[in-house]
Structures are given as C-alpha cells and as structure tokens.
Amino acid sequence: MLPSVSRCTRHITVSLSVTRSLAHFRPHMDPDPNRPIERTIRTKLTDKFKPDHLEVHNESYMHAVPPGSETHFRVLVVSSQFAGLPLIQRHRLVNEVLKEELSSCVHALAIQAKAPEQWAMDPTLGKSPPCMGGSKGDPTVEEKLKAGRD
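Residues numbered from 1 in each chain as written. Predicted model: local features only at pLDDT ≥ 70, side-chain atom pairs only at ≥ 80, totals over all residues. Heavy atoms only, no water.

Looking up the protein in an unreviewed UniProt entry gives the name BolA-like protein 1, with the organism given as Xenotaenia resolanae. If you open the UniProt record of the protein and go to Sequence similarities (unreviewed entry), you find "Belongs to the BolA/IbaG family." (UniProt positions renumbered as here; feature names shortened; annotations may be inferred.)

Next up, the structure:
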C-alpha cells in the first residue's frame, strides 16, 4: 500500500445498538491533531449537546483561503436537546457554544441541528454551494494566498 494511503486506513470495531438502524450509523472520526479549530468545535458541541450523531466538516478547501485553513465549517448535530425547539433557536444555541470561534477564526458556519426523530426521518447532510465569495473578483487574491503560505 502507498505510504499516504496506509496512514489513512485503520481497523474500526463497531458495535451497534439494536434500536439504532445501520442507516443512521457513521463511524466516529477522530479529530486530526493538525486541525485544532475542528477539534475544538467537535469537543464543544459534544460537551454541550451530548449528540446522538455529530459531523464536523472543514469546507475551507472550497474557498479562496490558504491550504490547510480552518475558516469554513459545516456541522450536523443530532441531539435530544433540540426536540421541540424552532430551527432559529437551535442555531442560536450552536452559535452561542461556538461564539469564541465565530468571533475570531471561523468565517462561515453552516448548521444542521436536528432532534433524533427528525434525523430518523431524514439522515442526510446538506451540501454547500460552490464559493461565490468576493475574493473571486479580487485580482490580488493570488498574492494574498501566497502571502498566507509564506
């Protein structure tokens, strides 16, 4: 196996509860130690919401930012704490937990916050549209990206 591929593979032992359908299962992904913002987001959401399911996706690569950036995220949080709450309140709760990151290093956060019953009916993660940011029209963006790599 190629060295870069073998680093990414590992044996995963899975035990599922009889009450949970396999369609709802996704293996827990250990946060990459080279991604401190992603790890912080995952930890804070887990500590606050004790989710049945959590996905944290760094979508920074889809935007005009230096390689390895942690500025654009999509999260899916499935928690019984969201039961009976309107969508806006769920988003406010997530934003409150991540207020430090949102006020400093995280530029964009797409949130899907679902109660377990909603997740059971539709276990999908939305997709982000392609970046249409202002940097695409900025003729100096290449210089800025290069400066970010130096």
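Structure shown, so let's carry the discussion forward.
Peer 1: Just give me the short version of the packing of helix α2 (residues 36-49) against helix α3 (residues 87-97), but keep the residues and values in it.
Peer 2: α3 packs onto α2 with a crossing angle of 125 degrees between their chain directions and a minimal axis gap of 10 Å. With respect to α3, the axis of α2 lies oblique. The element α2 and its partner α3 pack so that their crossing is right-handed. Taken together, the residues of α3 that come into contact with α2 (itself represented by Lys44, Leu45, Lys48 and Phe49) are Leu93, Val94 and Val97. Partitioned by chemical class, the residues of the contact of α2 with α3 number five nonpolar, no polar and two charged. (Axes fitted to C-alpha atoms, helices over the stretch in contact; angles between N-to-C directions. Helix = DSSP H or I, 4+ residues; strand = E, 2+ residues; numbered from the N terminus. Parallel < 35°, antiparallel > 145°, perpendicular 65-115°, else oblique. Left-handed = near helix turned anticlockwise from the far one by under 90°. Contact = heavy atoms within 4.5 Å. Nonpolar A, V, L, I, M, F, W, Y, C, P; charged D, E, K, R; others polar.)

Peer 1: Explain α3 residue by residue, including any values.
Peer 2: Within α3, burial applies to Arg90, Val94 and Val97. Buried residues in α3, looked at end-on, bunch into an arc of 60 degrees, giving them a common side. Residues of α3 that are exposed and angled more than 90 degrees away from the buried face: Ile88 and Arg92. Contacts from the buried residues of α3 go to α2, α4 (99-102), β3 (108-114) and α5 (116-121). (Buried < 20%, exposed > 50% of the residue type's maximum accessible area, 1.4 Å probe, protein only. Arc of directions from axis to C-beta.)

Peer 1: How would you sum up the pattern of salt bridges? Please name residues and give values.
Peer 2: Taken as a whole, this structure holds seven salt bridges when the rule is applied. Measuring nitrogen to oxygen at the nearest pair gives 3.5 Å for the salt bridge that ties arginine 35 to glutamate 38. Classification of arginine 35 as partly exposed rests on a relative accessible area of 34%. With a relative accessible area of 9%, glutamate 38 lands in the buried category. For glutamate 59, the salt bridge is made with arginine 74, and the minimal N-O distance between the two is 3.4 Å. Residue glutamate 59 is found in the loop between β1 (53-58) and β2 (72-78), and its partner arginine 74 is found in strand β2; the two are separated by 15 residues along the sequence. Given the relative accessible area of 11%, glutamate 59 is considered buried. Exposure remark for arginine 74: the relative accessible area of 10% places this residue in the buried category. Sharing partners across several salt bridges, the network here consists of Arg35, Glu38 and Arg42. (Salt bridge = Lys/Arg side-chain N within 4 Å of Asp/Glu carboxyl O.)

Peer 1: So, the sheet that holds β1: which residues are in play, and what are the values?
Peer 2: A sheet is described by the order of its strands in space; here three strands give the open sequence β1-β2-β3, paired in mixed fashion. In the strand order of this sheet, the two ends are held by β1 and β3, each with one partner. Across this sheet, the average inter-strand angle for adjacent strands is 10 degrees, counted without regard to direction. (Pairing = 2+ DSSP bridges.)

Peer 1: Can you tell me about the side chain of glutamate 70, naming the residues and giving the values?
Peer 2: As for its position among the elements, glutamate 70 is in the loop between β1 and β2. Buried charge without a partner: glutamate 70 forms no salt bridge, and the closest opposite charge is arginine 35, 5.7 Å away. A polar side-chain atom of glutamate 70 sits 2.8 Å from the main-chain amide nitrogen of glutamate 38. Residue contacts for glutamate 70: discarding those within four places in its chain leaves Asn34, Arg35, Pro36, Ile37, Glu38, Asn58, Ser60 and Cys105. (Lys, Arg positive; Asp, Glu negative; His and termini not counted. Polar contact = N/O pair within 3.5 Å; in protein donor to acceptor, adjacent residues only side chain to side chain.)

Peer 1: An account of the packing of aromatic side chains is needed here, citing residue identities and associated values.
Peer 2: Applying the stated criterion across every chain, the model contains one aromatic pair. Taking the centre distance of 5.0 Å and the plane angle of 40 degrees together, the rings of phenylalanine 49 and phenylalanine 82 count as tilted. Highlighted residues: phenylalanine 49 in helix α2 and phenylalanine 82 in the loop between β2 and α3, separated in sequence by 33 residues. Of the two residues examined, phenylalanine 49 and phenylalanine 82, each falls in the buried class. (Phe/Tyr/Trp six-rings, centres within 6.5 Å; stacked < 30°, edge-to-face > 60°.)

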